[in-house]
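# Observations on chain architecture
Below, each chain spelled out in residue letters.
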Amino acid sequence: GVIAACKTNAAAAGVDDIVRFENCAVKNNPWLSANASDRPSDLLICTNPPFGVRSSKKKDLFPLYRALVDAADESRAALTVLAHDVTLVRTATRNEASVLFSSKHGGLSIAAMQYKFDKGA
């Protein structure tokens, strides 16, 4: 499946020892809880979640995007999201996400957006 393909690609790129692929609910990932003792100190969550164009309605995606932001905050991780709807990401991150780059993905205009937890909180 998709996870196996990701692992194969990571191995081919020589980064399989520094990436981890998970197929689970955001709230069930053990590295994303506040008390995870084995979490890397420089954790980056990188995701390509549903855009809401083909799979669901955009309003139904806000809880997912918000869960990603909450997980980044709780685990003190950086978060990078590929998104078609920049406004959705900005709303979920309380206008704290910045655009890293824009591109095309599956015929859609997308932006890679980065959010970093508030280190002062």
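This section reports on the structure supplied with the text. Predicted model, so just to flag it, every value in this text is computed and none were measured.

### Focus: the sheet that holds strand β4 (residues 108-116)
Spatial strand order, β1-β2-β4-β3: 4 strands in an open sheet with mixed pairing. Unpaired on one side and paired on the other, β1 (44-47) and β3 (98-105) mark the two borders of the sheet. The sheet shows a mean angle of 15° between the axes of neighbouring strands, direction not considered. Relative to strand β2 (residues 78-83), β1 is paired through 4 bridges, and the arrangement is parallel. Along β2, the bridge assignment pairs Ile45 with Leu79.

### Points about the nonpolar core
Of all hydrophobic cores here, the largest spans 25 residues; its most connected members are Leu32, Ile45, Tyr65, Leu79, Val81 and Val89. Counting only elements with at least two residues in this core, the list comes to α2 (58-75), β2, α3 (86-92) and β4. It is α2 that provides the largest number of residues to this core, a total of 6 residues. Discounting residues that sit within four places of it in the chain, Tyr65 has contacts with Pro49, Pro50, Phe51, Val81, Leu82, Leu88, Val89 and Ala92.

Cut-offs applied
Residues numbered from 1 in each chain as written. Predicted model: local features only at pLDDT ≥ 70, side-chain atom pairs only at ≥ 80, totals over all residues. Heavy atoms only, no water. Pairing = 2+ DSSP bridges. Helix = DSSP H or I, 4+ residues; strand = E, 2+ residues; numbered from the N terminus. Axes fitted to C-alpha atoms, helices over the stretch in contact; angles between N-to-C directions. Core = buried A, V, L, I, M, F, W, Y, C linked by side-chain atoms within 4.5 Å. Buried < 20%, exposed > 50% of the residue type's maximum accessible area, 1.4 Å probe, protein only. Contact = heavy atoms within 4.5 Å.

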